[in-house]
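# Report on the structure
This is what each chain is made of:
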Amino acid sequence: MARVIVVTSGKGGVGKTTTSASFSTGLALRGFKTAVIDFDVGLRNLDLIMGCERRVVYDLVNVINGEANLNQALIKDKHCENLFVLPASQTRDKDALSEEGVEKVLKELEHMGFDYIVCDSPAGIERGAVMALTFADEAIVVSNPEVSSVRDSDRILGILQSKSRRAVEGREAVKEHLLITRYAPKRVEEGEMLSYKDVHELLRVPLLGVIPESDDVLQASNQGSPAIHLKDSDVATAYQDVVARFLDEDRPLRFVNYEKPGLLKRIFGGK
């Protein structure tokens, strides 16, 4: 049975699409047949990060409206045999998404033998975001270590607990995970940023991982390749750890402690 995972947050620009791309890629690299769906109708970005924007012919709304079938709209990833992308529409309104239509697409993906379906949610609480989380079995709530992002994430947690299909039907709650992105231990040390422990304490959601602040993320996006593919980078390692923890493997929490540079490093420009 396919597991539906929504990647969500209350605030824009925290790294949801970057996370959706790397997380779904990581699952596919582990041998799981994985689909990643862009729910950001009107502001499509997932296809750019996945490097498949030129291959988009049909999209999620086309499938919902019966203008194309799922096989026509799904784009096979160039790097992973088991990974498929379902892009959003750039020309439609978010109201084009219907609960019945989304449910039909998810059920069809399950019948096609997908193990995981990752839903890349738009920011906030508008229709696209609610549609992305309605059918979730699990949720990865992405937050930056800043007060406004944490507050907005708390609001999204409330919506998950009240508006998801599981909540409406009184079934077992959506399994929640916290992912902290753009983390800079030096800034935490200097009191400019909340620590991962602060964020965890405020949201009270199991911590799935911490992704360090890095220019590698921008580099990967510009190259049209998920950050998890960046060899020997801290970001790629952090996302690999996230996937491993999601699959119930033990991994130490890395990239969360600040190590002061020694005297020679400080003299010669170390940070």
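In short, a report on the structure. Since the structure is predicted, the reported quantities are computational estimates derived from the model, not experimental observations.

One side chain can pair with another of opposite charge once the charged atoms of both are near each other. Throughout the structure, instances matching the rule amount to 19 salt bridges. The shortest N-O distance in the salt bridge between Arg166 and Asp137 comes to 2.9 Å. You can see Arg166 sitting in helix H8 (residues 165-168) and its partner Asp137 sitting in the loop between helix H6 (127-134) and strand E6 (138-143), a full 29 residues away along the chain. Relative accessible area serves as the criterion here: at 13%, Asp137 is assigned to the buried category. A salt bridge links Arg254 to Asp241, with the nearest nitrogen and oxygen atoms 2.8 Å apart. One end of the pair, Arg254, is in the loop between helix H12 (234-246) and helix H13 (263-267); the other, Asp241, is in helix H12, with 13 residues separating them in the sequence.

Taken in spatial order, the 8 strands of this open sheet run E3-E4-E2-E5-E1-E6-E7-E8, and their pairing is mixed. At either end of the open sheet lies a strand with only one pairing partner, and these are strand E3 (75-76) and strand E8 (207-212). When E3 meets strand E4 (residues 83-86), the two strands line up antiparallel, connected through 2 bridges. What sits directly across from Ile75, in E4, is Val85. The sheet strands contacting H12 are strand E1 (3-8), strand E5 (116-120), E6, strand E7 (175-183) and E8, and the helix crosses E8 at an angle near 175°.

Where helix H10 (residues 196-203) is concerned, the buried positions are Tyr196, Val199 and Leu203. The buried residues of H10 occupy an angular sector of 65° when projected down its axis, which confines them to one face. Pointing more than 90 degrees away from the buried face of H10 are the exposed residues Lys197 and Leu202. Of the residues trailing H10, Arg204 is marked for its positive phi of about 55°.

Here we take up the packing of helix H1 (residues 16-29) against H12. Viewed as axis vectors pointing N to C, H1 and H12 meet at an angle of 60°, and their least axial separation amounts to 9 Å. Looking at the two axes, H1 sits oblique to H12. As for the relative orientation of H1 and H12, their crossing is right-handed in sense. Every residue of H12 that contacts H1 at Thr18, Thr19, Ser22, Phe23, Gly26 and Leu27 is listed here: Tyr239, Val242, Val243 and Phe246. Residues of the contact of H1 with H12, tallied by class, amount to 6 nonpolar, 4 polar and no charged.

Criteria and cut-off values
- Residues numbered from 1 in each chain as written.
- Predicted model: local features only at pLDDT ≥ 70, side-chain atom pairs only at ≥ 80, totals over all residues.
- Heavy atoms only, no water.
- Salt bridge = Lys/Arg side-chain N within 4 Å of Asp/Glu carboxyl O.
- Helix = DSSP H or I, 4+ residues; strand = E, 2+ residues; numbered from the N terminus.
- Buried < 20%, exposed > 50% of the residue type's maximum accessible area, 1.4 Å probe, protein only.
- Pairing = 2+ DSSP bridges.
- Contact = heavy atoms within 4.5 Å.
- Axes fitted to C-alpha atoms, helices over the stretch in contact; angles between N-to-C directions.
- Arc of directions from axis to C-beta.
- Parallel < 35°, antiparallel > 145°, perpendicular 65-115°, else oblique.
- Left-handed = near helix turned anticlockwise from the far one by under 90°.
- Nonpolar A, V, L, I, M, F, W, Y, C, P; charged D, E, K, R; others polar.

Keep in mind these values describe shape, not function.
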